[in-house]
Amino acid sequence: MRMPRLIAVAAIAWATLSSPAAALTEIHWWHAMPGELGREVERLASDFNLSQSAYKVIPTYKGLYTETMTAALFALRSKQHPAILQAAEVATATMMASKGVVYPVHQLMREQGMELAPDAFLPAVAGYYSDNGQLLSFPFNASTPILYYNKDQFRLAGLDPDKAPATWPEVEAAARKLAEKKIPCGLTTGWPSWINVENFSAFHNLPIASQDNGMGGTGARLQFNNLVVTGHLSTLVEWQKNGWFDYSGRTNDAERRFYKSECGILISSSAARADIIANASFEIGYGLLPYWPNVAGAPQNSIIGGGSLWVLRDRPEAEYKGVAAFLSFLSRPEVQAQWHQWTGYLPTTHAAYEQTRALGFYERNPGTDISIRQITLNPPTANSRGLRLGSYVVIRDIIQEEIEDALAGRKSAKTALDNAVQRGNEVLIRFETTDQ
């Protein structure tokens with residue numbers, strides 16, 4: 001599948017090198033993609049650069065999402081900011097409220113005479129980044145958490161290597177058997193708030209906040225400190241005491257522990273697939289998120305994570321022409337399909353999904369359709385469409401701090417979640433009353 005693409009790129013490169021030299025307009029893109037994903041970002045930029053002779057996109061890794069956002073905020077003060085910024089999906093409300101900073105994508109494309117139809121994107125993806133049906137940012141890397149497991153360790157523990165644990169009781173049984181075989185860690189998860197609060201709530205059709213998780217308007221307040229989420233966190237606390245679960249931090253350290261065979265079961269981003277495959281020396285299994293079978297309405301559907309590309313104002317006009325051309329390039333079905341197939345991120349457009357399916361990719365690569373099946377498992381409800389809450393990056397840190405206190409035994413799960421809701425709501429109130 002890659003050979004025709006490489007030939008086409010080579011032909012464009014030859015044509016470019018054969019033409020008279022011209023000054024390229026540089027377009028800086030700050031991103032949050034480490035490791036194998038960062039190499040795929042470099043590949044995308046290189047492909048675009050070779051496809052035309054007017055612009056050069058320069059991607060720069062600035063750390064994970066929080067670090068990248070912080071770097072951009074500082075750079076804006078001195079007008080040293082990039083034209084394109086990758087921001088996490090939960091930063092959408094914050095970016096929307098940043099007056100005079102954002103150049104809405106729908107406006108950019110219209111003013112540059114290029115088309116980018118919102119309905120070309122999957123609704124579960126485009127809805128996060130749209131306002132009144134108009135795209136504010138470009139949906140780039142959409143992911144959702146899925147379950148990974150080490151098939152070799154499952155065989156060792158006498159578990160069926162071809163059957164992923166589907167419910168939390170089944171996860172407990174598997175983690176217990178792995179521990180009996182001296183596997184250091186039966187279960188771990190990455191991104192604790194995203195997985196164990198936000199997606200856990202959506203998958204069990206429970207509200208994260210009022211006002212349809214903030215998607216219905218301003219004035220939303222957190223309300224995830226319910227009996228189900230509290231019971232789930234209490235269970236993780238008990239499993240950690242028993243050695244069946246082990247906390248791996250706030251980001252993606254859990255993924256490294258999994259591919260180093262320290263942990264037999266991992267719940268983390270679907271986009272971790274590329275790094276895991278590149279580093280694991282064992283056979284990998286995939287599954288949907290587990291659910292508690294005693295919760296009515298579960299499983300519902302998961303929600304996306306990842307990020308989008310925001311265009312920042314106060315850059316030269318020539319750069320904006322190039323940004324529009326780059327976003328048009330990224331929206332091509334073949335580019336979207338390749339990005340999806342290589343990284344594990346969701347196909348963000350209908351055309352990319354259909355092209356991938358028609359090529360037989362999902363049949364040849366079992367498990368790669370898990371993320372799509374999961375976000376489309378059931379029609380989304382007000383509790384499972386996603387969330388749009390101001391300063392949620394800060395709120396996530398609060399949630400994770402409180403989860404850590406519970407796991408360390410410094411407070412009960414109920415106290416931790418009650419504190420997280422109270423402290424998070426104080427952040428929401430400050431966000432609403434501060435002039436952005």
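Our subject is the structure listed above.
Let me sum up the structure you'll find in this document. Predicted model only: the values in this text are computed from it and were never measured.

Things to note about the overall build of the protein chain
Link 1 in the chain: Scanning the protein chain from terminus to terminus reveals 20 helices and 11 strands.
Link 2 in the chain: Taken over C-alpha atoms, the radius of gyration comes to 22 Å for the protein chain, in line with the 22 Å a tight globule of 436 residues would show.
Link 3 in the chain: Principal-axis analysis of the C-alpha atoms gives the protein chain an extent of 70 × 55 × 35 Å.
Link 4 in the chain: Across the 436 residues that make up the protein chain, the buried fraction comes to 55%.
Link 5 in the chain: Partitioning the contacts of the protein chain with sequence separation of at least 6, the portion at a separation of at least 24 is 78%.
Link 6 in the chain: With the model as given, the accessible surface of the protein chain reaches about 17,800 Å², and the carbon-plus-sulfur share is 54%.
Link 7 in the chain: Side chains of the protein chain give 39 positive and 42 negative charges; the mean places of these two sets differ by 2 Å.

Here's the deal with the packing of helix 15 (residues 333–343) against helix 16 (residues 350–358)
Link 1 in the chain: Where helix 15 contacts helix 16, the two axes come as close as 8 Å, and the packing angle between them is 65°. Overall, the two elements helix 15 and helix 16 adopt an arrangement that is roughly perpendicular. By crossing handedness, the relation of helix 15 to helix 16 is classed as right-handed. For the pair formed by helix 15 and helix 16, the contact residues are Pro-333, Glu-334, Gln-336, Ala-337, His-340 and Gln-341 on the first element and Ala-351, Ala-352, Gln-355 and Thr-356 on the second.
Link 2 in the chain: The residue inventory of the contact of helix 15 with helix 16, partitioned by class, reads 4 nonpolar, 5 polar and 1 charged.

Looking at the environment of Ala-157
Link 1 in the chain: Within the fold, Ala-157 resides in the loop between helix 7 (151–156) and helix 8 (168–180).
Link 2 in the chain: A residue is classified by how much of its surface remains accessible, and Ala-157, at 11% relative accessible area, is buried.
Link 3 in the chain: A C-alpha to C-alpha distance of 7.7 Å links Ala-157 and Glu-180, two positions 23 residues apart in sequence.
Link 4 in the chain: Discounting residues that sit within four places of it in the chain, Ala-157 has contacts with Lys-177, Leu-178 and Lys-181.

Some words on the state of the cysteines
Link 1 in the chain: A full pass over the atoms with the stated rule returns 1 disulfide.
Link 2 in the chain: Two residues, Cys-185 and Cys-263, share a disulfide whose sulfurs are 2.3 Å apart. Around the S-S axis, the bridge from Cys-185 to Cys-263 shows a dihedral of about 105° and counts as right-handed. Residue Cys-185 is found in strand 8 (residues 185–189), and its partner Cys-263 is found in strand 9 (residues 263–269); the two are separated by 78 residues along the sequence. Assigned by exposure class, Cys-185 and Cys-263 land together as buried.

Quick look at the pattern of salt bridges
When the charged atoms of two side chains with opposite charge come close together, those side chains can pair.
Link 1 in the chain: This structure, assessed with the given rule, holds 26 salt bridges.
Link 2 in the chain: Across the pair Glu-319 and Arg-315 runs a salt bridge whose closest N-O atoms are separated by 3.0 Å.
Link 3 in the chain: With relative accessibility at 8%, the residue Glu-319 sits in the buried group.
Link 4 in the chain: Look at Arg-315 and you get partly exposed, because its relative accessible area is 22%.
Link 5 in the chain: Lys-411 is the salt-bridge partner of Glu-402, the closest N and O atoms lying 2.9 Å from each other.
Link 6 in the chain: We classify Lys-411 as partly exposed; its relative accessible area is 23%.

Rules behind the numbers
- Residues numbered from 1 in each chain as written.
- Predicted model: local features only at pLDDT ≥ 70, side-chain atom pairs only at ≥ 80, totals over all residues.
- Heavy atoms only, no water.
- Helix = DSSP H or I, 4+ residues; strand = E, 2+ residues; numbered from the N terminus.
- Rg over C-alpha atoms; globule rule 2.2 N^0.38 Å.
- Buried < 20%, exposed > 50% of the residue type's maximum accessible area, 1.4 Å probe, protein only.
- Contact = heavy atoms within 4.5 Å.
- Areas by Shrake-Rupley, 256 points an atom, 1.4 Å probe, with all protein chains shown as cover.
- Lys, Arg positive; Asp, Glu negative; His and termini not counted.
- Charge placed at Lys NZ, Arg CZ, Asp CG, Glu CD.
- Axes fitted to C-alpha atoms, helices over the stretch in contact; angles between N-to-C directions.
- Parallel < 35°, antiparallel > 145°, perpendicular 65-115°, else oblique.
- Left-handed = near helix turned anticlockwise from the far one by under 90°.
- Nonpolar A, V, L, I, M, F, W, Y, C, P; charged D, E, K, R; others polar.
- Disulfide = S-S within 2.5 Å.
- Salt bridge = Lys/Arg side-chain N within 4 Å of Asp/Glu carboxyl O.

So yeah, pure geometry; function would need other evidence.
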